[in-house]
Amino acid sequence: MSIHPLDPVQALERMMLIRAYEETLIDLHGRGRAAGTCTSVGQEAAAVGVVSALTADDLILTNHRSAGHLLARGADPGRMLAEVMGKRDGYCGGKSGSLHISAKDLGVVLTSTIVGGELALATGVGLSRRMLGKPGIVACFFGDGAATEGRFQESLNLAAVWTLPILYVCENNQWQAFVHRKETMLADGIAGHAAALGVESAVVDGNDPLAMFDAASAAIDSIRRTGKPFLLEAMTYRLRGHFEPDDQAYVDRTELSHWRDRDPILCLRTRLEREGRLDAEGIAAIESRVRATMEAATAFADASPYPGLDALTTDVYA
Amino acid sequence: MTTMTVNDAISAALAEEMQRDPTVMIFGEGVATKRRDLLERFGATRVRNTPLAEGIIAGTAAGAAATGLRPVVDLLFAPFLCYAMDEIVNSAGKLRYISGGQFSFPMVVLAMTGAGWGVGAQHNHNVESWFVHSPGLKIVMPSTPADFKGLMKSAIRDDNPVLVFADIALGYSAGEVPEEADAIPLGKAAVRREGRDVTLVSYAKTVGTCMAAADTLAGAGIDAEVIDLRSLKPLDEDAILRSVAKTGRLVVVHEASRLCGVGAEIAALVAEKAFASLRAPVLRLTGPDAPAPASFPLEQAFVPQADAIVAAVRSQMGG
Ligand SMILES: Cc1ncc(C[n+]2csc(CCOP(=O)(O)OP(=O)(O)O)c2C)c(N)n1
């Protein structure tokens with residue numbers, strides 16, 4: 001299966017779409033039209049870099065901060081907004097809300113908002129790939145907070161012992177809800193834990209989509225070659241609060257401004273401008289496309305009806 | 001007909017279903033060691049030992065079930081389900097609904113439960129109603145080898161997560177199993193004995209206790225009907241209501257504790273839907289609100305006994 005090289009201009013556009021989607025959601029929430037959400041603002045590079053390295057055969061498991069992963073996979077922002085607004089045309093018929101959207105036709109399965117739940121399920125998805133002889137690998141996204149849970153060790157250990165084709169992607173955004181990572185772990189990151197379990201790992205600049213793409217491609221190569229799982233740790237930062245609205249009053253201003261300077265969208269855009277690959281006109285064109293997409297998405301979600309009340313008890317049992 | 005134990009019936013059901021469907025597999029702590037026949041017949045990819053980590057065992061089953069396999073996991077003793085509760089309740093039970101029906105979870109969780117081995121409270125706890133109370137799950141708790149075989153087969157074929165609780169004391173009990181035993185549908189109770197005067201509703205090992213009590217009662221001219229629920233969810237409400245409509249008296253017997261137990265549900269069901277048929281208050285005989293003791297006499301006292309059932313029925317009959 002060949003891997004598509006990542007076009008940085010397209011990557012930028014996808015990252016800007018993710019940002020615009022989440023800003024739309026924050027705005028809708030502010031106007032009482034949608035429930036609060038966990039955004040991935042600041043983490044768009046990791047999502048776009050890794051997901052772009054996957055093929056259509058690969059499956060994705062993710063967590064409560066999933067919008068970037070879904071949109072990077074090509075999810076329709078209108079159906080995502082509809083889901084968050086509890087509408088019938090949402091990916092899960094409005095039964096998921098923002099926290100656990102899954103989309104089977106995109107290979108986005110089993111999105112869990114029980115922190116660490118996706119780590120527990122990933123081994124099973126990897127096992128079914130192996131046993132059924134399916135070609136794809138499984139990409140499992142989780143946070144540094146999830147890595148402090150026992151399931152992290154259980155999952156990597158079993159995946160290593162059973163040689164399951166799983167790409168573990170830890171988005172180390174330094175925060176675990178309202179607790180800074182440094183309060184809950186002594187190690188600088190979590191990649192070090194992998195070695196003890198016999199799992200190979202790499203640490204990557206999570207704010208650089210090209211670095212993420214390259215590292216993910218190499219990791220996926222290794223998984224396909226050896227059959228063994230691989231852990232990728234993306235060093236990044238959660239630029240907004242845990243759950244909208246959140247004034248971030250508890251965040252160290254110096255730390256925040258350090259990372260704001262490293263905003264992945266800002267950095268990529270500056271770099272492309274400097275390299276002469278994008279000018280003001282090009283940026284304006286992307287911005288207007290993204291705006292139009294989000295306007296259409298909002299209109300779609302607005303127009304979608306709420307589910308009929310009989311949906312309350314459907315889909316409980318197969 | 002062949003005679004086999006409950007343990008053998010479970011193995012036979014596993015073997016037949018694994019033979020029938022290549023996506024059926026089993027894993028757990030020591031499964032490949034203890035079910036050597038399955039390992040030899042189906043190989044190490046379909047019969048696997050796991051690390052000692054119930055959460056990842058159950059989570060792996062859920063992930064595998066959602067993406068094309070039909071895993072059976074053996075979590076050994078029911079109290080260990082605490083470690084797997086999240087994966088069973090929050091994932092397997094809920095993700096079908098949360099995903100708007102995109103994914104199904106055809107998996108089976110096996111666990112041993114109940115008194116009889118003196119293994120004490122951390123190995124012996126009847127936790128079935130925790131799961132009955134959780135949406136998306138089905139729960140079976142059979143009492144005979146034939147039912148274990150037939151219900152295991154249905155559980156494996158079912159597209160929902162099914163918990164199968166095996167009462168420890170029944171493991172080596174033997175009974176007749178039809179040669180070509182077919183799947184027994186989930187959610188259908190069995191009438192173990194027909195009677196006119198009182199309905200005894202039970203499941204798992206206390207079904208046998210009810211049968212013994214019914215024998216004694218018969219000696220005193222009291223004709224007890226004994227219903228074996230077999231499945232706790234779906235619950236065969238019709239079988240219960242039909243019987244109570246006939247007898248007018250109900251005693252529910254189970255080993256799990258009383259408060260919010262299955263007996264409470266059945267008493268409420270009868271109060272709602274068959275109140276007019278009742279000739280006496282419904283009674284429940286259950287285990288106490290106490291952890292299970294290890295000491296043999298205490299452990300026996302924990303479990304409802306036949307003479308207590310006889311006394312309860314006599315009190316209902318007015319003396
Ligand atoms: C089992 C569990 N405990 C607590 C929570 C509440 N909670 C939701 S998100 C979160 C922080 C998770 O941190 P991390 O795994 O680093 O992911 P991030 O939010 O940073 O992306 C917490 C504690 C939860 N959803 N599940």
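Residues numbered from 1 in each chain as written. Chains lettered and ligands numbered in written order. Predicted model: local features only at pLDDT ≥ 70, side-chain atom pairs only at ≥ 80, totals over all residues. Heavy atoms only, no water.

Caption draft 1: Structural detail: the side chain of Asp 74 of chain B. All names here are of chain B. Positionally, Asp 74 belongs in strand 4 (residues 70-77). At 2.9 Å, the side chain of Asp 74 and the backbone nitrogen of Leu 76 are in polar contact. Beyond its immediate stretch of four places on either side in the chain, Asp 74 contacts Phe 27, Gly 28, Glu 29, Val 31, Arg 35 and Leu 110. (Helix = DSSP H or I, 4+ residues; strand = E, 2+ residues; numbered from the N terminus. Polar contact = N/O pair within 3.5 Å; in protein donor to acceptor, adjacent residues only side chain to side chain. Contact = heavy atoms within 4.5 Å.)

Caption draft 2: Representation of the interface of chain A and chain B within the structure. Between chain A and chain B, the contact holds 37 residues from the first and 44 residues from the second. Interface area, chain A with chain B, both sides summed: about 3200 Å², of which 65% is carbon and sulfur. Considering only the surface of chain A that becomes buried against chain B, Met 131, Trp 162 and Tyr 317 of chain A emerge as the three largest contributors, covering 19% of it. Connecting chain A to chain B are 1 salt bridge. For Arg 151 of chain A, the salt bridge identified is with Glu 87 of chain B, shortest N-O distance 2.5 Å. (Buried area = accessible area lost by both parts, 1.4 Å probe. Salt bridge = Lys/Arg side-chain N within 4 Å of Asp/Glu carboxyl O.)

Caption draft 3: Highlighting the pairing of strand 14 (residues 283-287) of chain B. Residue and element names in this part refer to chain B. In this sheet, strand 14 lies alongside strand 13 (residues 250-257) in parallel orientation, the contact comprising 4 bridges. Among the inter-strand pairings, Val 252 is bridged to a residue of strand 14, identified as Arg 284. One crossover worth recording links strand 13 to the parallel strand 14 by way of helix 11 (residues 262-273), and it is right-handed. (Pairing = 2+ DSSP bridges. Right-handed = clockwise from strand over helix to strand, strands pointing away.)

Caption draft 4: Focus on the environment of Tyr 250 of chain A. Residue and element names in this part refer to chain A. On the secondary structure map, Tyr 250 appears in the loop between strand 7 (230-235) and helix 10 (253-260). Exposure remark for Tyr 250: the relative accessible area of 31% places this residue in the partly exposed category. Aside from chain neighbours lying at most four places away, what touches Tyr 250 is Trp 175, Ala 177, Phe 178, Arg 238, Gly 241 and His 242. At 2.6 Å, the side chain of Tyr 250 and the side chain of Asp 246 are in polar contact. (Buried < 20%, exposed > 50% of the residue type's maximum accessible area, 1.4 Å probe, protein only.)

Caption draft 5: Representation of the domain arrangement of chain B within the structure. All names here are of chain B. According to the domain assignment, chain B consists of domain 1 (2-177) and domain 2 (190-317). For domain 1 versus domain 2, the separation of C-alpha centres amounts to 26 Å. Domain 1 puts 29 residues into the contact, and the matching count from domain 2 is 21 residues. Viewed at the interface, domain 2 and domain 1 are joined by 3 salt bridges. With a closest N to O distance of 3.2 Å, Lys 205 and Asp 167 form a salt bridge. (Domains from an automatic or database assignment.)

Caption draft 6: Quick peek at the site of the ligand. All names here are of chain A. Contacts to the ligand come from 15 residues, most closely from His 64, Arg 65, Thr 113, Gly 145 and Trp 175. Residue Arg 65 places a side-chain N or O atom 2.7 Å away from an oxygen atom belonging to the ligand. One nitrogen or oxygen atom from the main chain of Trp 175 is found 2.8 Å from an oxygen atom belonging to the ligand. For the ligand, whose free accessible area comes to 580 Å², the fraction covered by protein is 70%. Of the residues that constitute the shell around the ligand, the class distribution is 5 nonpolar, 7 polar and 3 charged. (Near = heavy atom within 4 Å. Areas by Shrake-Rupley, 256 points an atom, 1.4 Å probe, with all protein chains shown as cover. Nonpolar A, V, L, I, M, F, W, Y, C, P; charged D, E, K, R; others polar.)

Caption draft 7: Structural context of the UniProt feature "domain: Dehydrogenase E1 component" (unreviewed entry) in chain A. Residues annotated by UniProt as "domain: Dehydrogenase E1 component" (unreviewed entry) correspond here to residues 14-307 of chain A. Each end of residues 14-307 of chain A is marked by a C-alpha atom, and these two atoms are 30 Å apart; helix forms 47% of the span and strand 11%. (UniProt positions renumbered as here; feature names shortened; annotations may be inferred.)

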